[in-house]
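Okay, here's what each chain looks like letter by letter:
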Amino acid sequence: MLEIKNLHAKIVEENLPILKGVNLTIKAGETHAIMGPNGSGKSTLSKVLAGDPAYEITAGEIILDGKPIQEESETDRALMGLFMAFQYPVEVPGVNNGSFLRMAYNAQRKFREEEEVDPLEFQTVLEKKLNLVGMDESFLDRDLNFGFSGGEKKRNEILQMAVLDPKVAILDETDSGLDVDALKSVGEVVSALKRPDNAFLVITHYQRLLNYIVPDVVHAMVDGRIVQTGDKSLALTLDEHGYETVGTAS
Amino acid sequence: MTEKDEEMIETMQSKHDKTIDEMVNKDYEFGFQTDIETELAPKGLNEDTIRFISKKKNEPEFMLEFRLKAYKHWLTMKEPEWSVVKYPPIDFQDIHYYAAPKKKIELESMDDVDPELKRTFEKLGIPLLEQKRMAGVAVDAIFDSVSVATTYKKKLLEHGVVFCPISEALEEYPELVKKYMGSVVPHTDNFYAALNAAVFTDGSFVYIPKGVKCPMDLSSYFRINTENTGQFERTLIICEEKASVTYLEGCTAPMFDTNQLHAAVVELVALDDASIDYSTVQNWYAGDKETGKGGIFNFVTKRGKCLGARSKISWTQIETGSAITWKYPSCLLIGDDSVGEFYSVALTNHFQQADTGTKMIHIGKNTKSTIISKGISAGKSANTYRGLVQMNKSAKGARNYTQCDSMLIGDKCSANTLPTIDIRNQSAQCEHEASTSRVGEDQLFYLMSRGISLDEALATIVSGFCQDVFKKLPDEFAVEANQLLGLQLEHSVG
């Protein structure tokens, strides 16, 4: 579903290499987790995958569902089925949250050559998703992330994920700023959206999120590379012993 | 440099930059000129020109005197230089002060309108009859120097509402015109107001009698068609006690290499408990995108007088066109408890310059004013907010709230905010908030990462930025304004 081959990337402005050869393969139906200390490049990886213009890919390939996407715009990557839940969702004042959701939903439909939905039809789509995420309708009337609390922003990301139903969803440190109940709810949404034909990549610092989203594969990332890969028990080991022991292992 | 090198450099440019360049090259939609027989006054300005115009219009004697007095005063004045806009000196002798379609038009029968003229207005999205009738908006269309069609006149008259070209008002309601014209913007006010008073050729006249709420929105469309023509129209709106009206104004012009001068005067008068909402969507030709050549100089004086107690005047403007915009729709808050409002979106792109804002002069007790200004600069443009809030000694308990937000798109444009606050009594309150932001790569990336295109993402962000002002526009205009912004900004991210 998602294949990353020898991916190198740098911060454009500072000309600073962050990713130094990431290799990763996620098959359809799988959930992977990437864990790593601060500055390991795990969040950079998710931004580079989504096409953040602040980063430049200097080598390597990203293959989504069989197609290389590293040359595609961020818009097209999203239309092709990639989604990233932001670690720090961006506030956009004056833009209605509900209208924004519909705009994004319709962009996807248009791309698939399906008819766009009007606000009324969208309401039906949205009701189910709101229930799934456990969000109040009043969220839709607010400006996009504007004045949202940290937790509200994260849940709004999960709502977008539920509405857009991507092929590959990346959750970039979604757990930071969420309490246990909210974590549990995120886990439920992921379980509900999980199918044999999609995949999830969870980026996190701590293993506690992985109690709710149980990964098939766990990777440890240090200094821009994946240094160890294992099953979910690796997450516990990393949490307990830190990252000093890994890296030398591979 | 070889072709290959160029290619390399191009690939090295960020993808956004490229799209920006494409966007910037969007053409002005209304740049066509209508081929229509026109009667022109000879170029140049002197007493004879003024007599010619006055005679053409069959004006009463007092009007000619008004014009000549203004002209004599104008001769003693110097072009103002205090604004930050830059432009070559205007040769006032190189302008036609009168241009009119040759065919005489029967105002009540649209069938008699020159088909070419009708097509022009259709191209502009102003089908004079059918669509506006459905929308329930009465329209006065001004083509170069004359009003060519005013719709719904009869129906409005049944309510006592007068809506007609000002030249006609001079014939039919000379007393009203005499009483109010120049009472808000005297010819001594400024250089361009004096010029306008001397040579104005047409404009709209609105009179809403006591207690009448105008049954439909009134609308004017201004079009400069002839090269080297100045447009000097004058709008006068009078709302008697407890009367109210919503007035919309739209403007376009063809593309010429030479600059055209538009020096209009708008005067609003609101008596006790009257209310006037005046909205403008200005989309004059802005000049060549590459060179900045041509385009309209929009030097306009707009002012409203809240003469009566509890009266209210509200200005809403969406300024997207013109090479230079230089105007400050203002309110004189004379009546106690009167209210003045100014909601503005000024968008500049390419080489455009805008120096715009408002003046709120508080004279009566407990007068209240609100200023919300949104300036958006893209390309190499310059956008300035200039405002004055003045609370006189007599304005006990007066209040003002001002919010000035600027948004920058790219790094070659500029934004200035120049507010002046002058408070002369202890009980007055003023609040001022200002912000400047750059359209963030982070906001664009966020929206695009949800599958929204760059163009749409930018338009969405800018439209969100202007929401406070768009909310004030009548629905029909809000949609138009939104589209206009989207269009003007296409491919301008930097």
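Residues numbered from 1 in each chain as written. Chains lettered and ligands numbered in written order. Predicted model: local features only at pLDDT ≥ 70, side-chain atom pairs only at ≥ 80, totals over all residues. Heavy atoms only, no water.

Chemist: Describe the overall build of chain B, and please don't skip the residues or the numbers.
Modeler: Along chain B, the regular secondary structure elements total 14 helices and 23 strands. Sequence separation of at least 24 residues holds for 84% of the intrachain contacts in chain B that already meet a minimum separation of 6. Taken as a whole, chain B presents about 19,400 Å² of accessible surface, with 49% of it coming from carbon and sulfur. (Helix = DSSP H or I, 4+ residues; strand = E, 2+ residues; numbered from the N terminus. Contact = heavy atoms within 4.5 Å. Areas by Shrake-Rupley, 256 points an atom, 1.4 Å probe, with all protein chains shown as cover.)

Chemist: Got a sec to walk through the overall build of chain A? Specific residues and values, please.
Modeler: Scanning chain A from N- to C-terminus turns up seven helices and 10 strands. For a compact globule of 250 residues, the expected C-alpha radius of gyration is about 18 Å, and chain A comes in at 18 Å, within 12% of that figure. Expressed as a percentage of the 250 residues in chain A, the buried residues total 54%. Contacts spanning at least 24 positions in sequence make up 68% of the contacts within chain A whose residues lie at least 6 apart. With the model as given, the accessible surface of chain A reaches about 11,000 Å², and the carbon-plus-sulfur share is 48%. Looking at charge distribution, chain A has the averaged site of its 25 positive side-chain charges lying 2 Å from that of its 40 negative ones. (Rg over C-alpha atoms; globule rule 2.2 N^0.38 Å. Buried < 20%, exposed > 50% of the residue type's maximum accessible area, 1.4 Å probe, protein only. Lys, Arg positive; Asp, Glu negative; His and termini not counted. Charge placed at Lys NZ, Arg CZ, Asp CG, Glu CD.)

Chemist: Which residues make up the interface of chain B and chain A, and what values do they have?
Modeler: Contacts between chain B and chain A engage 21 residues on the former and 34 residues on the latter. Summed over both sides, the interface of chain B with chain A buries roughly 2,000 Å², with 67% coming from carbon and sulfur. Its largest share of buried area at the contact with chain A, chain B owes to B:Phe445, B:Tyr446 and B:Arg450, together 40% of the area lost on that side. On inspection of chain B and its partner chain A, the count reaches one salt bridge. Along the contact surface separating chain B from chain A lie eight residue pairs in polar contact (both at pLDDT 80 or more). Those elements that provide at least two residues to the side of chain B that touches chain A are α2 (15-24), α11 (441-448) and α12 (454-465) of chain B. The element best represented in the side of chain B that touches chain A is α11(B), accounting for seven residues. For the side of chain B that touches chain A, the class distribution of residues is eight nonpolar, eight polar and five charged. (Buried area = accessible area lost by both parts, 1.4 Å probe. Salt bridge = Lys/Arg side-chain N within 4 Å of Asp/Glu carboxyl O. Polar contact = N/O pair within 3.5 Å; in protein donor to acceptor, adjacent residues only side chain to side chain. Nonpolar A, V, L, I, M, F, W, Y, C, P; charged D, E, K, R; others polar.)

Chemist: Give me unusual backbone geometry: which residues, what numbers.
Modeler: Residues and elements named next belong to chain A. One non-glycine residue, Glu 113, lies in the positive phi region at around 60 degrees. Structurally, the position occupied by Glu 113 is in the loop between α3 (97-111) and α4 (119-133). Glu 113 sits in the exposed class, given a relative accessible area of 74%.

Chemist: Quick one: what's the story with the pairing of strand β16 (residues 330-333) of chain B, residue by residue and with numbers?
Modeler: On a regular strand, each side chain points to the face opposite its neighbour's, so the side chains alternate between the two faces of the sheet. All names here are of chain B. Neither face of β16 is exposed, since Ser 330 and Leu 332 on one face and Cys 331 and Leu 333 on the opposite face are all buried. Sheet topology note: the strand β13 (residues 295-306)/β16 ladder contains four bridges and is parallel. Within β16, the position partnered with Gly 304 by the bridge is Cys 331. Sheet topology note: the β16/strand β18 (residues 353-362) ladder contains three bridges and is parallel. Pairing of Cys 331 across the sheet is with Met 360, part of β18. (Pairing = 2+ DSSP bridges.)

Chemist: Explain the nonpolar core to me, using residue names and the numbers behind them.
Modeler: Formed by 111 residues in total, the largest nonpolar core has its most connected members in A:Leu19, A:Leu45, A:Leu49, A:Met161, B:Ile376, B:Leu447 and B:Val462. In this structure, A:Leu49 is in contact with A:Leu2, A:Ile4, A:Ile62, A:Ile69, A:Arg77, A:Leu82, A:Ile170 and A:Leu201, ignoring residues within four places of it in sequence. B:Leu170, B:Leu176, B:Phe200 and B:Val265 belong to the second-largest nonpolar core, a separate cluster that totals 54 residues. (Core = buried A, V, L, I, M, F, W, Y, C linked by side-chain atoms within 4.5 Å.)

Chemist: How would you summarise the sheet that holds strand β2 (residues 16-26) of chain A if you had to cite specific residues and measurements?
Modeler: Paired through backbone hydrogen bonds, the strands of a sheet run either parallel or antiparallel to each other. Taken in spatial order, the four strands of this open sheet run β2-β1-β4-β5 (chain A), and their pairing is antiparallel. Either end of the sheet is taken by a strand with one partner, and the two such strands are β2 and β5 (67-68) of chain A.

Chemist: Before we move on, could you go through helix α3 (residues 47-56) of chain B and cite the residues and values that matter?
Modeler: Residues and elements named next belong to chain B. Of all the residues in α3, the buried ones are Thr 49, Ile 50, Ile 53 and Ser 54. Along the axis of α3, the buried positions cluster into a sector of 130 degrees, meaning they face one direction only. Among the exposed residues of α3, those oriented more than 90 degrees off its buried face are Asp 48 and Lys 55. Buried positions along α3 lie against α4 (61-75) and α10 (191-199). Put simply, Asn 46 is the residue that caps the front of α3, since its side-chain oxygen is 2.9 Å from the backbone nitrogen of Asp 48. (Arc of directions from axis to C-beta.)

Chemist: Talk me through the pattern of salt bridges; I want residue IDs and the actual numbers.
Modeler: Within this structure, the stated rule accounts for 27 salt bridges over all chains. Residue A:Arg112 pairs with A:Glu114 through a salt bridge whose shortest N-O separation is 3.3 Å. Looking at A:Arg112, the relative accessible area reads 45%, which means it is partly exposed. The salt bridge involving B:Glu267 is made with B:Arg234; its shortest N-O contact spans 3.1 Å. Of this pair, B:Glu267 sits in strand β11 (residues 265-270) while B:Arg234 sits in strand β8 (residues 234-239), placing them 33 residues apart in sequence.

Chemist: Would you mind going over the sheet that holds strand β8 (residues 199-204) of chain A in detail, with residue names and values included?
Modeler: Residue and element names in this part refer to chain A. The strand order across the open sheet formed by six strands is β6-β7-β8-β3-β9-β10, and the pairing between neighbours is mixed. Two strands bound the open sheet, and with one partner strand each, they are β6 (82-85) and β10 (225-230). With strand direction ignored, the average angle separating the axes of adjacent strands in the sheet is 20 degrees. Inspection of the sheet shows strand β3 (residues 31-35) paired to strand β9 (residues 217-222) by four bridges, in the parallel sense. When the sheet's bridge partners are listed, Ile 34 is paired in β9 with His 219. (Axes fitted to C-alpha atoms, helices over the stretch in contact; angles between N-to-C directions.)

Chemist: Which residues make up the packing of aromatic side chains, and what are the values?
Modeler: Residues and elements named next belong to chain B. On inspection of all chains with the given rule, the structure shows 23 aromatic pairs over all chains. Aromatic side chains Tyr 87 and Phe 299 sit 5.3 Å apart centroid to centroid with 55 degrees between the ring planes, which places their arrangement in the tilted category. Residue Tyr 87 is found in the loop between α4 and β2 (99-101), and its partner Phe 299 is found in strand β13; the two are separated by 212 residues along the sequence. Linked through ring pairs, Tyr 71, Trp 74, Tyr 87, Phe 92, Phe 191, Tyr 192, Phe 297, Phe 299 and Trp 326 together constitute an aromatic cluster. Its end group placed over the ring of Phe 200, Arg 67 keeps NZ or CZ at 4.1 Å from the ring centre. (Phe/Tyr/Trp six-rings, centres within 6.5 Å; stacked < 30°, edge-to-face > 60°. Lys NZ or Arg CZ within 6 Å of the ring centre and 35° of its normal.)

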